[in-house]
Amino acid sequence: EPEVTQTPSHQVTQMGQEVILRCVPISNHLYFYWYRQILGQKVEFLVSFYNNEISEKSEIFDDQFSVERPDGSNFTLKIRSTKLEDSAMYFCASRGPVANTGELFFGEGSRLTVL
Amino acid sequence: AQSVTQLGSHVSVSEGALVLLRCNYSSSVPPYLFWYVQYPNQGLQLLLKYTTGATLVKGINGFEAEFKKSETSFHLTKPSAHMSDAAEYFCAVSEAGRRALTFGSGTRLQVQP
């Protein structure tokens, strides 16, 4: 069964460092998302991406964050200068081209720890 | 704007007992509603969804949920809990035409032997 894959599964970084989280969405999907979950808290929407541009973003997704789809398969989230409060589990998700039922398929997440 | 409220951050039931996890939503347009489950150290897996049509929807692992527009609710139920049901459950809403899901704060289900 097709699945969304994310790397790395866990990354530890120093405050102020740049981090890139990578995702390979399901191959025929057209809509891509990043969510984050701070430990013990709710899953929060960061950004959605369609047709090579951001279609929606939340207040959390400030200038420190960026996304791109560099090669038609990978979908990346970059945090330019990490802060302690960026420590969280980051989930990538994708949605297919069929009639919009809104169902997202999630990866298993990348845990980011900022020291 | 859309939002989701899950009543009860923790629910504990005995094995074989009824599971009821509550979810209320607000949406300015007809919603699409979802329940996702998260097992420890894993991603989010879709349990079931409501988009249109029949208001009682059945999902995987014996779970079902009923969309009640008058109550703006989408509670998740399972007649008989199993130890393997212990997990975190998230209700989510998507306004038709919008692409992003909004999640509730989650309910951790414990199943006691």
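Scroll up to find the structure this text is about.
Owing to the predicted nature of the structure, the values given are computational and were not obtained by experimental measurement.

Asks: Help me get a handle on the state of the cysteines, residues and values and all.
Replies: Scanning the model with the defined rule gives two disulfides over all chains in all. Paired through a disulfide, A:Cys23 and A:Cys92 show a sulfur-sulfur distance of 1.9 Å. Between A:Cys23 and A:Cys92, the S-S torsion sits near -65°, and that sign places the bridge as left-handed. Of this pair, A:Cys23 sits in strand 3 (residues 19-24) while A:Cys92 sits in strand 9 (residues 88-95), and the two are 69 residues apart along the sequence. On the basis of relative accessibility, which here comes to 0%, the residue A:Cys92 falls in the buried class. Here B:Cys23 pairs with B:Cys91 through a disulfide, and the sulfurs are 1.9 Å apart. Because the torsion about its S-S bond is -65°, the bridge between B:Cys23 and B:Cys91 counts as left-handed. Of this pair, B:Cys23 sits in the loop between strand 3 (19-21) and strand 4 (24-26) while B:Cys91 sits in strand 10 (residues 87-95), and the two are 68 residues apart along the sequence.

Asks: Any chance you could break down the interface of chain B and chain A for me, citing the residues and the numbers?
Replies: Each partner contributes to the interface: chain B provides 19 residues, whereas chain A provides 19 residues. Interface of chain B and chain A: buried area, both sides summed, is about 1800 Å²; carbon and sulfur atoms make up 52% of it. Where chain B meets chain A, there are one salt bridge. A salt bridge links B:Lys49 to A:Glu103; its shortest N-O distance comes to 2.9 Å.

Asks: Lay out the side chain of A:Ser48 in plain terms, naming residues and giving numbers.
Replies: Residue and element names in this part refer to chain A. With respect to the secondary-structure elements, Ser-48 resides in strand 5 (residues 43-50). The buried category is assigned to Ser-48, whose relative accessible area is 1%. Within the structure, the side chain of Ser-48 is placed 2.9 Å from the side chain of Ser-55, a separation counted as a polar contact. Ignoring any residue separated from it by four or fewer positions in sequence, one finds Ser-48 in contact with Phe-32, Tyr-33, Glu-53, Ile-54, Ser-55 and Glu-56.

Asks: Help me get a handle on the sheet that holds strand 3 of chain A, residues and values and all.
Replies: Residue and element names in this part refer to chain A. Taken in spatial order, the four strands line up as 1-3-8-7 in an open sheet, and their pairing is antiparallel. The sheet is open, and its two borders are formed by strand 1 (5-7) and strand 7 (65-68), each paired with just one other strand. Across this sheet, the average inter-strand angle for adjacent strands is 15°, counted without regard to direction. Relative to strand 8 (residues 75-79), strand 7 is paired through four bridges, and the arrangement is antiparallel. If you follow Glu-68 over to strand 8, its bridge partner there is Thr-76.

Asks: Any chance you could break down the environment of B:Ala92 for me, citing the residues and the numbers?
Replies: Residue and element names in this part refer to chain B. With respect to the helices, strands and loops of the structure, Ala-92 is situated in strand 10. As a C-alpha pair, Ala-92 and Cys-23 span 69 residues in sequence and 8.8 Å in three-dimensional space. Residues within four places of Ala-92 in sequence aside, it is in contact with Val-4, Tyr-32, Leu-33, Phe-34, Leu-101, Thr-102 and Phe-103.

Asks: Provide a residue-level description of the environment of A:Val4, including the pertinent values.
Replies: With respect to the helices and strands, A:Val4 occurs in the segment before strand 1. Residues A:Val4 and A:Leu104, spaced 100 residues apart in sequence, show a C-alpha to C-alpha distance of 10 Å.

Asks: Account for the nonpolar core, with residues named and values stated.
Replies: Burial of nonpolar side chains together is a common tendency in soluble globular proteins. One finds B:Trp35, B:Leu48, B:Phe74, B:Leu76 and B:Tyr89 to be the most contacted residues of the largest nonpolar core, which totals 27 residues. Among the elements of the structure, strand 2 (10-14), strand 3, strand 5 (31-38), strand 6 (44-50), strand 8 (64-68), strand 9 (73-78), strand 10 and strand 12 (107-112) of chain B are those that each provide at least two residues to this core. Ranked by the residues each element gives to this core, the list is headed by strand 10 of chain B, at four residues. In this view, B:Tyr89 contacts B:Gln6, B:Leu21, B:Trp35, B:Tyr36, B:Val37, B:Leu47, B:Phe63, B:Leu76, B:Gly106, B:Thr107 and B:Leu109; residues no more than four positions away in its chain are not counted. Counting residues in hydrophobic clusters, the runner-up holds 22 residues, among them A:Cys23, A:Leu77, A:Ala88 and A:Tyr90.

The rules behind each value
- Residues numbered from 1 in each chain as written.
- Chains lettered and ligands numbered in written order.
- Predicted model: local features only at pLDDT ≥ 70, side-chain atom pairs only at ≥ 80, totals over all residues.
- Heavy atoms only, no water.
- Disulfide = S-S within 2.5 Å.
- Helix = DSSP H or I, 4+ residues; strand = E, 2+ residues; numbered from the N terminus.
- Buried < 20%, exposed > 50% of the residue type's maximum accessible area, 1.4 Å probe, protein only.
- Contact = heavy atoms within 4.5 Å.
- Buried area = accessible area lost by both parts, 1.4 Å probe.
- Salt bridge = Lys/Arg side-chain N within 4 Å of Asp/Glu carboxyl O.
- Polar contact = N/O pair within 3.5 Å; in protein donor to acceptor, adjacent residues only side chain to side chain.
- Pairing = 2+ DSSP bridges.
- Axes fitted to C-alpha atoms, helices over the stretch in contact; angles between N-to-C directions.
- Core = buried A, V, L, I, M, F, W, Y, C linked by side-chain atoms within 4.5 Å.

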